[in-house]
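# Per-entry structural report
Residue strings, one per chain:
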Amino acid sequence: MNDKKPRRILSGVQPSGKLHLGNYFGAIRQHIALQDEGDCFYFIADYHALTTLRDAAEREAEEAKRNGRAARSVADFLRENVWDVAIDYLALGLDPAKAAFFRQSDVPEVTELAWILSTVTGLGLLERAHSYKDKTARGIQASVGLLTYPVLMAADILIYRSNLVPVGKDQVQHLEMTRDMAGYFNTAFGKEIFPPPMERLDNVPVVPGTDGQKMSKSYGNTIEIFAEGKALKKAVMGVVTDSAPMEAPKNPDTCNVFNLFKLFATEQEQAALAERYRAGGMGYGEAKTQLLNQIDAYFGPFREKRKQLAADPAGVEAVLQAGAAKARAEAQKTMELVRKATGLRK
Ligand code: ADP
Ligand code: TRP
């Protein structure tokens, strides 16, 4: 039989700071491309952000203090980060006519499902999570919420009975855990309520940061998607290179500037710049200027759209509310089935 039902595609993004090129090429770009391929639900994971919020806000406050600026309160930090993610996604092409776009906390039913899933999930599964181990190793306090983060993520995915979850590589273990939890629930209550969701990875390698490590907010090595003018120039000029003199032939393949350039440039542009590296006589400053021009050309049009959105908070809020209404109706349908299957309701 030909199954005409659209595939349910879902993903979430944490509002934990300004979005950067790693987020764009690793996650956002595929979220937007998939809008035409199924029934999409995308949300801003504000409940998840609470697990590391105070730590992140504190780091920001310390930096503000060092630079003589006033610090934001923790609540302002979260509210403003949610807002930034909302307008970033809409500016980058998320189309609310195609995808439901909403705040996680506007569908509080996910916390109910997370509770129910937590009762069929062994502690050992959570203790093995890489992301929990990484975060506690970085000094983030091990709250119960940090440990049960993957249970809430499983609830996010399962409450919409999602089939496909576009994420970055670092989230694959969370998807494996989600499939485990779906299986535990279905077995425990003898009903196939949750289909097993599959991850979808983009074919982009890890985007390097300005220091050559993985680009990440926590390493302070990002180039922000919506940086422009002086701030963008400063970030690009700060990309670390070796100290080969201008005349020396250079290796493009081991150069951070070239690896970032490749994300934007056509094959011909890449070949031309690689040739200049190998020939010698070109300084890294010139390669950085070419990278800067590529970034400007790529994100320039999105910046205009973002400014319009920023001037219309009520319009943006209306988009999020409409997305939440659609998502919540789906979540409530699933919870009816879950409550019946568990015996919480007749
Ligand atoms: P950060 O490391 O800055 O905190 P997140 O963990 O919030 O970023 O990542 C959000 C999404 O962006 C994830 O799907 C992740 O895989 C992707 N992502 C983040 N950094 C990179 C990178 N440097 N290269 C590729 N994808 C990335
Ligand atoms: N854990 C994801 C991240 O850090 C964000 C997230 C929360 C998510 N819930 C989700 C992603 C559900 C996909 C599906 O990037």
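The sections below set out a description of the structure shown in this document. (Residues numbered from 1 in each chain as written. Chains lettered and ligands numbered in written order. Predicted model: local features only at pLDDT ≥ 70, side-chain atom pairs only at ≥ 80, totals over all residues. Heavy atoms only, no water.)

### Observations regarding helix 14 (residues 284-310)
- Of all the bends in helix 14, the greatest, near 45°, is centred on Phe299, and the proline Pro301 appears no more than four residues after it.
- Among the residues making up helix 14, those that are buried are Tyr284, Ala287, Lys288, Leu291, Leu292, Gln294, Ile295, Phe299, Gly300, Arg303, Arg306 and Leu309. (Bend = angle between axes of the 7 residues up to and from the residue. Helix = DSSP H or I, 4+ residues; strand = E, 2+ residues; numbered from the N terminus. Buried < 20%, exposed > 50% of the residue type's maximum accessible area, 1.4 Å probe, protein only.)

### Considering the packing of aromatic side chains
- All chains considered together, the criterion is met by 20 aromatic pairs.
- A ring pair is formed by Phe25 and Tyr298, whose centres lie 6.2 Å apart and whose planes are at 45°; its orientation type is tilted. You can see Phe25 sitting in helix 1 (residues 21-33) and its partner Tyr298 sitting in helix 14, a full 273 residues away along the chain.
- Clustering of aromatic rings is evident, with ring pairs tying together Tyr24, Phe25, Phe264, Tyr298, Phe299 and Phe302.
- Its end group placed over the ring of Tyr284, Lys250 keeps NZ or CZ at 5.5 Å from the ring centre.
- Stacked on the ring of Phe226, the Lys or Arg Arg306 has its end atom at 5.1 Å from the ring centre. (Phe/Tyr/Trp six-rings, centres within 6.5 Å; stacked < 30°, edge-to-face > 60°. Lys NZ or Arg CZ within 6 Å of the ring centre and 35° of its normal.)

### Thoughts on the pairing of strand 1 (residues 8-13)
- Counting buried positions over the six residues of strand 1 gives five, a clear majority of the element.
- Across six bridges, strand 1 lies against strand 2 (residues 39-44) in parallel orientation. In the strand pairing of strand 2, Ile9 is matched with Cys40.
- In this fold, the crossover linking strand 1 to strand 2 by way of helix 1 has right-handed handedness. (Pairing = 2+ DSSP bridges. Right-handed = clockwise from strand over helix to strand, strands pointing away.)

### Here's the deal with the site of ligand 1
- The environment of ligand 1 is made up of 13 residues, and the closest members are His20, Asp170, Val207, Ser216 and Lys217.
- A distance of 3.2 Å is found between a nitrogen atom of ligand 1 and a backbone nitrogen or oxygen belonging to Gly22.
- Between ligand 1 and Ser216 there is a distance of 2.8 Å, counted from an oxygen atom to a side-chain nitrogen or oxygen.
- Protein burial of ligand 1: of its 540 Å² of free accessible surface, 83% is covered by the chains.
- Grouping the constituent residues of the shell around ligand 1 by class yields four nonpolar, six polar and three charged. (Near = heavy atom within 4 Å. Polar contact = N/O pair within 3.5 Å; in protein donor to acceptor, adjacent residues only side chain to side chain. Areas by Shrake-Rupley, 256 points an atom, 1.4 Å probe, with all protein chains shown as cover. Nonpolar A, V, L, I, M, F, W, Y, C, P; charged D, E, K, R; others polar.)

### Regarding the site of ligand 2
- Not every one of the 14 residues close to ligand 2 is listed here, only the nearest: His48, Tyr149, Met153, Asp156 and Gln171.
- Residue Gln14 places a side-chain N or O atom 3.4 Å away from an oxygen atom belonging to ligand 2.
- Here a nitrogen atom of ligand 2 sits 3.0 Å away from a polar atom, N or O, in the side chain of Gln171.
- For ligand 2, whose accessible area on its own is 360 Å², the fraction buried by protein is 88%.
- Contributing elements (two or more residues each) for the shell around ligand 2: strand 1 and helix 9 (149-158).
- The element best represented in the shell around ligand 2 is helix 9, accounting for four residues.
- Looking at the shell around ligand 2 residue by residue, the classes come out as eight nonpolar, five polar and one charged.

### Regarding the pattern of salt bridges
- Under the criterion given, the structure shown has 23 salt bridges.
- Of the charged contacts in the structure, one is a salt bridge between Asp55 and Arg59, with a shortest N-O distance of 3.6 Å. Note that Asp55 and Arg59 are positioned in helix 3 (residues 53-66) at a spacing of four residues, about one turn of the helix.
- We note a salt bridge from Lys307 to Glu228, for which the minimum N-O separation is 3.1 Å. Separated by 79 residues along the polypeptide, Lys307 in helix 14 and Glu228 in the loop between strand 5 (198-200) and helix 11 (229-237) bring together distant segments of the chain.
- On the basis of relative accessible area, Lys307 is assigned to the partly exposed category, the value being 43%.
- By relative accessible area, which is 34% here, Glu228 ends up partly exposed.
- When salt bridges that share partners are traced, they join Arg8, Asp39, Lys326, Glu330 and Lys333 into one network. (Salt bridge = Lys/Arg side-chain N within 4 Å of Asp/Glu carboxyl O.)

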